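# Summary of structural features
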Amino acid sequence: MMTTLIFATNNDNKVKEIRSVLQGKFHVISLKEAGIFVDVPEPYNTLEENASEKSRVIYLMTGKDCFSEDSGLEVNVLDGAPGVRSARYAGDANNPEMNIEKLLHEMDGKVDRRARFRTVISLRLFGQEKQFDGICTGTITMLQQGSAGFGYDPVFLPDGGDKTFAEMDLAEKNLFSHRKKATEKFLDYIKESSWPG
Ligand code: ITT
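None of the values given here were measured: they were computed from a predicted structure.

### A word on the site of the ligand
Not every one of the 21 residues close to the ligand is listed here, only the nearest: Thr-9, Lys-14, Glu-42, Lys-54 and Asp-153. Here Lys-14 contributes a side-chain N or O atom positioned 2.8 Å from an oxygen atom of the ligand. Within the side chain of Asp-153, one N or O atom sits 2.6 Å away from a nitrogen atom of the ligand. In isolation the ligand offers 610 Å² of accessible surface; the protein chains occlude 93% of this area. Structurally, the ligand is housed in the largest pocket. Of all elements in the fold, only strand 3 (66–75) and helix 5 (178–192) reach the threshold of two or more residues within the shell around the ligand. When residues of the shell around the ligand are assigned to their parent elements, the largest contribution, four residues, is made by strand 3. Looking at side-chain class alone, the shell around the ligand contains four nonpolar, nine polar and eight charged residues.

Here it is, written out as structure tokens:
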């Protein structure tokens, strides 16, 4: 029987993306599907601490194996902003349209448009934490292109790609994705530790 893991997130796009990698290996259920309706605060200044907090709270609530992830877009010329505040860049509402508008405004006239997405996964098995990260480098486009995906996808062109994340289907995004890379590390770890043994 496949092991069930609660994915401590309220972001359905993250669930879809991570499920596509863990499919057939783990049964992943979201907070909503687990009947848990909480939005864990993310009070820290690092992805690592916020990821840890989300999985910690859900483990304390349920006592079950779970994982979370915190992610963000880090822009070179903006000293790593929006970074850990990516979801709330233009205000607490987590409005992707407004976040993108603000980003493009901040990037106005900037020649260096290099950026990277970074994901930190916090896995808790029997309450023990292990973290995995994944990075995807790229550039911020001048205009929005495409409507797939979520968040900053319409303005992110991954290095080695010829279209934005929002112009890719999930399989294409997975060829580059920070989230995919972090999830692969998670799978490698599970394989090496032969869990659940
Ligand atoms: P949970 O905390 O419930 O998991 P969230 O959407 O609040 O969901 P984060 O706090 O980790 O998640 O914020 C991540 C934000 O970074 C997300 O809302 C997007 O704006 C951006 N982001 C992360 N990964 C992305 C991706 O693959 N494509 C586009 N934007 C991404």
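That was the structure; now back to the text.
### Focus: unusual backbone geometry
A cis amide bond, omega -5°, links Ala-81 with the succeeding residue Pro-82. Within the element layout of this structure, Pro-82 appears in the loop between strand 3 and helix 3 (96–106). With a phi close to 55°, Asp-79 is a non-glycine residue in the positive phi region. Note on placement: Asp-79 falls in the loop between strand 3 and helix 3. Here Phe-126, not a glycine, exhibits a phi torsion of approximately 50°, which is positive. Positionally, Phe-126 belongs in the loop between strand 4 (114–125) and strand 5 (128–140).

Parameters and conventions
- Residues numbered from 1 in each chain as written.
- Predicted model: local features only at pLDDT ≥ 70, side-chain atom pairs only at ≥ 80, totals over all residues.
- Heavy atoms only, no water.
- Near = heavy atom within 4 Å.
- Polar contact = N/O pair within 3.5 Å; in protein donor to acceptor, adjacent residues only side chain to side chain.
- Areas by Shrake-Rupley, 256 points an atom, 1.4 Å probe, with all protein chains shown as cover.
- 1 Å grid on protein atoms, 1.4 Å probe; cavity = no way out; pocket = protein on both sides within 12 Å on 5 of 7 lines; lining within 4 Å.
- Sits in = over half its atoms within 2 Å of the grid points.
- Helix = DSSP H or I, 4+ residues; strand = E, 2+ residues; numbered from the N terminus.
- Nonpolar A, V, L, I, M, F, W, Y, C, P; charged D, E, K, R; others polar.

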